[in-house]
Amino acid sequence: MLDGTATLFAGKSIPIGWDSFGEIVNGGCTFLDKTSLISEFIECNSKVSLVVRPRRFGKTINLTMLRDFFSIPIHPDNEDYRRELFNDTKIMGRLDLFDKHFCKYPVIFLSLKVWYYFYV
């Protein structure tokens, strides 16, 4: 882990094509810590947020990170597993926000990504 403006978690591989924050962290992959985005969402005064980025820019990963942070765990998922996902990340430096909002909200997560493979 390198400290500075951004934190890079160096792992054994680069997760090209992966779109789940939990899979990337648990897979020991290299990723850039963008958990400070969570505090930006919490401290923002708007009622609606629109996440617009170019293709392959991490939109789905960031949204799964937000889901894993905010949503109430459902069995077999649990709060301890989720807490492990966020160990050593920037959001852990904001314990006031972490304790107040971590795993506290019902979240509806909808992905419009579809991976169909047609064999001819």
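Check the entry above for the structure.
Residues numbered from 1 in each chain as written. Predicted model: local features only at pLDDT ≥ 70, side-chain atom pairs only at ≥ 80, totals over all residues. Heavy atoms only, no water.

Undergrad: So what exactly am I meant to see when it comes to the overall build of the protein chain here?
TA: When helices and strands are tallied, the protein chain shows 5 helices and 2 strands. Its helices and strands taken in sequence order, the protein chain reads β-α-β-α-α-α-α from the N to the C terminus. In summary, the protein chain has a C-alpha radius of gyration of 15 Å against a globular reference of 14 Å for 120 residues, a match within 12%. Taken along its principal axes, the extent of the C-alpha atoms in the protein chain is 55 × 35 × 35 Å. (Helix = DSSP H or I, 4+ residues; strand = E, 2+ residues; numbered from the N terminus. Rg over C-alpha atoms; globule rule 2.2 N^0.38 Å.)

Undergrad: Would you mind going over the pattern of salt bridges with me for this structure?
TA: Between side chains of opposite charge, a pair can form when the charged atoms approach closely. Tallied over the full model, the rule gives 5 salt bridges. Between Arg 94 and Glu 43 there is a salt bridge whose closest N-O contact spans 2.7 Å. Here Arg 94 is found in the loop between helix H4 (79-85) and helix H5 (95-101), whereas its partner Glu 43 is found in helix H2 (residues 36-43), with 51 residues between them in sequence. Arg 94 gets classed as partly exposed once you look at its relative accessible area, which sits at 29%. (Salt bridge = Lys/Arg side-chain N within 4 Å of Asp/Glu carboxyl O. Buried < 20%, exposed > 50% of the residue type's maximum accessible area, 1.4 Å probe, protein only.)

Undergrad: Where do I start with the side chain of Ser 71 in this structure?
TA: Among the secondary structure elements, Ser 71 is positioned in the loop between helix H3 (59-70) and H4. Among the polar contacts listed, one links the side chain of Ser 71 to the backbone oxygen of Arg 67, at a separation of 2.7 Å. The residues contacting Ser 71, other than those within four sequence positions of it, are Arg 82, Cys 103, Tyr 105 and Val 107. (Polar contact = N/O pair within 3.5 Å; in protein donor to acceptor, adjacent residues only side chain to side chain. Contact = heavy atoms within 4.5 Å.)

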